[in-house]
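Read off the chains here:
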Amino acid sequence: MYRSMPLAKQLKQKEEVIHHLYSSIDHLEQRISYEENQFQRLRKNYDELEKKNDCLKENINLYKQFVSLLGLDKIFRRFKQIFQREHNTINAYDLKELYHKAQNAITRVLSSLKEKIHYFEEKHPNESLEISIQSKNDRQYRDMEL
């Protein structure tokens, strides 16, 4: 077919093909650039979400330690059991019962802690008081340093 065409026409067709190929390359380069930008944006969002997730995990661990320290972990498990059994509702009687149990548990823990602080202050009047929880699952104060 090309042999029967004049050379000028063949050259023009080849130039059109080349122009079309260059246009396709430009379009693909733009698309690659766009996708790279999208990837960078998604990567940045992923990194931010990962940091937030780590922060939330840390907060959950702190809440668990706090709940355990106050002796509320059994009460929370009971609340969760009732709440899930009743399809995310809880009746006033169960809530009142849990409230009284929590109040008693916290009162016992705070009383014990107050006694330990008072004892420490008597024995070491010029030292600062630091409490560290060595075992997050142990609700007893035997693992606390005063």
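About the criteria used
Residues numbered from 1 in each chain as written. Predicted model: local features only at pLDDT ≥ 70, side-chain atom pairs only at ≥ 80, totals over all residues. Heavy atoms only, no water. Helix = DSSP H or I, 4+ residues; strand = E, 2+ residues; numbered from the N terminus. Contact = heavy atoms within 4.5 Å. Core = buried A, V, L, I, M, F, W, Y, C linked by side-chain atoms within 4.5 Å. Buried < 20%, exposed > 50% of the residue type's maximum accessible area, 1.4 Å probe, protein only. Salt bridge = Lys/Arg side-chain N within 4 Å of Asp/Glu carboxyl O. Phe/Tyr/Trp six-rings, centres within 6.5 Å; stacked < 30°, edge-to-face > 60°.

Chemist: Please set out the environment of R78 residue by residue, giving values where relevant.
Modeler: Following the sequence through the fold, R78 ends up in helix 2 (residues 73-85). Here the alpha-carbon distance between R78 and L98, two residues 20 residues apart in the chain, equals 8.1 Å. Filtering out sequence-adjacent residues up to four positions away, R78 remains in contact with R85 and L98.

Chemist: Explain the nonpolar core to me, using residue names and the numbers behind them.
Modeler: Ranked by size, the top nonpolar core spans eight residues in total: L70, L72, I75, I82, L98, A102, A105 and V109. Where this core is concerned, the elements lending two or more residues are helix 2 and helix 3 (92-123). Among the elements that take part in this core, helix 3 stands out by supplying four residues, more than any other.

Chemist: Give me the pattern of salt bridges: which residues, what numbers.
Modeler: Pairing of side chains with opposite charge becomes possible as their charged atoms draw close. All told, the structure shown has two salt bridges when counted by the stated rule. Close ionic contact of R31 with E35 constitutes a salt bridge, the shortest N to O distance being 2.9 Å. Taken together, the residues R31 and E35, both in helix 1 (residues 7-69) and four residues apart, mark about one turn of the helix. Note that E97 is salt-bridged to K101, the shortest N-O span being 3.2 Å. In this pair, E97 and K101 both sit in helix 3, four residues apart, roughly one turn of the helix. By relative accessible area, K101 is classed as partly exposed at 39%.

Chemist: A description of the packing of aromatic side chains should follow, citing residues and the corresponding values.
Modeler: Within the structure shown, the criterion is met by two aromatic pairs. Judged by centre distance (6.5 Å) and plane angle (35°), the ring pair of F76 and F79 falls under tilted. You can see F76 and its partner F79 sitting in helix 2, three residues apart, about one turn around the helix. Through a chain of ring-to-ring contacts, three or more aromatic side chains come together here, namely F76, F79 and F83.

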